[in-house]
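# Summary of structural features
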Amino acid sequence: MAHAAALEDRGTARLTAYSTDGKSVLTADYRGLHLWDAATHKHRATISVPGGPSIAQLAFSPDGRTLATLGFQDKTIHLRRLE
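All of these numbers come straight from a predicted model, not from anything done at the bench.

For the rest of this paragraph, the subject is the pairing of strand β2 (residues 24–29). Counting buried positions along β2 yields six of six residues, so the element is predominantly enclosed. Here β2 shows a buried face lined by Ser-24, Leu-26 and Ala-28 and a second buried face lined by Val-25, Thr-27 and Asp-29. When strand β1 (residues 15–18) meets β2, the two strands line up antiparallel, connected through four bridges. From the neighbouring strand, Thr-16 faces β2, where its bridge partner is Thr-27.

Right, let's get into the sheet that holds β2. Pairing between the strands of a sheet comes from backbone hydrogen bonds, and it takes one of two forms, parallel or antiparallel. Pairing within the open sheet is antiparallel, and its four strands lie in the order β1-β2-β3-β4. On the outer flanks of this sheet lie β1 and β4 (43–47), each paired with one strand and no other. Adjacent strand axes in the sheet meet at a mean angle of 20° when their direction is disregarded. Examined bridge by bridge, β2 and strand β3 (residues 32–37) share six bridges and lie antiparallel to one another. Following the sheet pairing, Asp-29 is matched in β3 by Gly-32.

Quick notes on the rules
Residues numbered from 1 in each chain as written. Predicted model: local features only at pLDDT ≥ 70, side-chain atom pairs only at ≥ 80, totals over all residues. Heavy atoms only, no water. Buried < 20%, exposed > 50% of the residue type's maximum accessible area, 1.4 Å probe, protein only. Helix = DSSP H or I, 4+ residues; strand = E, 2+ residues; numbered from the N terminus. Pairing = 2+ DSSP bridges. Axes fitted to C-alpha atoms, helices over the stretch in contact; angles between N-to-C directions.

Have a look at this one:
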């Protein structure tokens, strides 16, 4: 796994999603959501969303500019625009 080394110091990823252009990887662990550069494996951002670490699913929109998350407890879908 190419991303294993980059993710080691952030914890174990429970969920992952690749952007449609393949340039970004989003991971969710028990501390939150993390955006990574797929080519360099560098951590680009920590993203806060409603539901915090209690996320059941996540996905990028087809244009890669919006993040959708599904809350584990409340089963609510949250959309967040990525800049």
